[in-house]
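Descriptive structure summary
The lines below spell out each chain.
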Amino acid sequence: MALALLGGFVLQVNGEMVEFPTAMQRLVAVLALRGRMSRSRLAGTLWPGITEHRALARLRTAIWRVNHVTDRLVTSTSGTVDLGAEVDVDVRRLVAGSLAIMRADTSASAQDAHAILEDEGDLLPDWEDEWLLADRERLRQMRLHVLEAAAEQLASLGRFGLAMEAALAALRMDSLRESAHRTVISIHLAEGNLSDARRAYDQCREIMVRDVGVEPSLAITRMLAFDDRTDHRPLDAVV
């Protein structure tokens with residue numbers, strides 16, 4: 001069984017797509033993202049606007065309906081509910097690869113960086129459930145940190161092209177993220193491209209001043225060997 005949550009909910013069993021009603025999809029998605037949960041917590045997450053008694057009744061029905069369509073997709077005991085052990089979840093693979101990169105496992109970094117750069121889509125983009133907000137932000141932050149870490153690792157291996165792709169991917173996700181700008185600049189410097197590094201700094205400074213109202217931090221300005229000819233005037237003073 002293969003479950004995709006990136007780009008939309010897709011469940012395949014033995015290569016065949018399986019269609020589920022929305023309520024059943026949400027049950028499966030929560031378990032895929034959160035892992036084993038108590039019945040009461042799971043019911044409260046899925047149906048927060050009703051009494052616990054009614055929510056638990058809906059949960060029992062949803063579990064029965066899911067397993068009636070796909071056997072062993074959801075496992076349950078008297079107190080907990082979990083996704084079946086045989087289910088392969090794309091988000092879990094993405095998280096595992098991300099953790100490998102952040103742990104500086106260089107043997108996995110190139111392969112996992114390719115997977116991150118492929119960008120399989122946002123987490124269940126058409127859903128508006130409140131419980132998804134934390135999972136989306138967690139995944140967004142993980143992708144950003146992983147892209148930056150992958151860029152640094154790949155640059156240290158001399159793979160500057162792929163390193164820059166990772167750094168720019170992080171910058172596309174969040175143009176106000178100074179650490180992403182810093183990573184881009186560091187790769188240019190590692191390649192010896194000083195003019196590109198200065199250009200990247202100027203772009204960073206323009207964005208930070210315009211959209212945040214602050215100058216870049218010392219951590220980024222010290223990366224470049226500014227001399228007396230460098231123009232430090234505020235942007236609105238530069239003609």
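Preceding this section is the structure that the text describes.
Presented here is an overview of the structure given in this document. Everything numeric in this text was worked out from a predicted model, so none of it was measured.

Before going further, it helps to spend a moment on the overall build of the protein. Helix and strand counts for the protein stand at 10 helices and 7 strands. Looking at the protein residue by residue over its 239 residues, the buried ones come to 44%. Sequence separation of 24 or more characterises 61% of the internal contacts of the protein that already satisfy a separation of 6 or more. For the protein, the exposed surface amounts to about 13,100 Å²; the carbon and sulfur share of it is 50%.

A word on the nonpolar core. Buried together is how nonpolar side chains tend to be arranged in soluble globular proteins. Counting residues in hydrophobic clusters, the biggest one holds 45 residues, and the most contacted among them are L3 and L5. Listing elements by their share of this core, those giving two or more residues are helix 1 (22-34), helix 2 (39-46), helix 3 (52-69), strand 6 (80-83), helix 4 (90-102) and helix 6 (132-156). Ranked by the residues each element gives to this core, the list is headed by helix 1, at 8 residues. Setting aside its immediate chain neighbours within four residues, L5 contacts A29, A32, L33, V89, D90, V91, D122, L123 and L124. Judged by nonpolar contacts, the second largest core, of 24 residues, contains A151, A166, I185 and M208.

Below, the discussion takes up the packing of helix 6 against helix 8 (residues 178-191). Look at helix 6 against helix 8: their axes get within 10 Å of each other, and the N-to-C directions meet at 10°. Considered as vectors, helix 6 and helix 8 are oriented roughly parallel to each other. Our pair here, helix 6 against helix 8, has a crossing hand that is left-handed. Of the residues in helix 8, those in contact with E148, A151, E152 and A155 of helix 6 are S179, A180, T183 and I187. Here the residues of the contact of helix 6 with helix 8 sort into 4 nonpolar, 2 polar and 2 charged.

A few words now on the sheet that holds strand 5 (residues 74-76). One open sheet accounts for 3 strands, arranged 4-6-5; its pairing is antiparallel. A strand with exactly one partner marks an edge of an open sheet, and here the two such strands are strand 4 (37-38) and strand 5. Bridge count between strand 4 and strand 6: 2 bridges; the pairing is antiparallel. Residue pairing across strands places S38 opposite T80, the latter belonging to strand 6. Packing of helix 1 onto the sheet brings it into contact with strand 4, strand 5 and strand 6, and relative to strand 6 it is tilted by some 85°.

The strand order 3-2-1-7 describes an open sheet built from 4 strands, whose pairing is mixed. Only two strands of the sheet have a single neighbouring strand rather than two, namely strand 3 (16-18) and strand 7 (88-89). Looking at chain direction, strand 1 (residues 2-4) and strand 7 are connected through 2 bridges and run parallel. Bridging across to strand 7, A2 finds its partner in D88.

Our next topic: unusual backbone geometry. Despite not being glycine, N14 shows a phi value in the positive range, around 55°. One can find N14 in the loop between strand 2 (10-13) and strand 3. The exposed category is assigned to N14, whose relative accessible area is 76%. Despite not being glycine, L124 shows a phi value in the positive range, around 40°. For L124, the location among the structural elements is in the loop between helix 5 (106-118) and helix 6.

Evaluated as defined, the whole model comprises 2 aromatic pairs. Pairing F9 with W127 gives two aromatic rings, centres 6.3 Å apart and planes at 15°, and the pair type is stacked. Remark: W127 occurs in the loop between helix 5 and helix 6 and F9 occurs in the loop between strand 1 and strand 2; sequence separation between them is 118 residues. You'll find F9 and W127 in the same group, each marked buried.

Attention now goes to the pattern of salt bridges. All told, the structure shown has 15 salt bridges when counted by the stated rule. R182 is the partner of E178 in a salt bridge, and the nearest nitrogen-oxygen pair spans 3.7 Å. Of the two residues, E178 and R182 both sit in helix 8, 4 residues apart, roughly one turn of that helix. Assessed through its relative accessible area of 15%, E178 is described here as buried. For D211, the salt bridge identified is with R210, shortest N-O distance 2.9 Å.

Conventions used here
- Residues numbered from 1 in each chain as written.
- Predicted model: local features only at pLDDT ≥ 70, side-chain atom pairs only at ≥ 80, totals over all residues.
- Heavy atoms only, no water.
- Helix = DSSP H or I, 4+ residues; strand = E, 2+ residues; numbered from the N terminus.
- Buried < 20%, exposed > 50% of the residue type's maximum accessible area, 1.4 Å probe, protein only.
- Contact = heavy atoms within 4.5 Å.
- Areas by Shrake-Rupley, 256 points an atom, 1.4 Å probe, with all protein chains shown as cover.
- Core = buried A, V, L, I, M, F, W, Y, C linked by side-chain atoms within 4.5 Å.
- Axes fitted to C-alpha atoms, helices over the stretch in contact; angles between N-to-C directions.
- Parallel < 35°, antiparallel > 145°, perpendicular 65-115°, else oblique.
- Left-handed = near helix turned anticlockwise from the far one by under 90°.
- Nonpolar A, V, L, I, M, F, W, Y, C, P; charged D, E, K, R; others polar.
- Pairing = 2+ DSSP bridges.
- Phe/Tyr/Trp six-rings, centres within 6.5 Å; stacked < 30°, edge-to-face > 60°.
- Salt bridge = Lys/Arg side-chain N within 4 Å of Asp/Glu carboxyl O.

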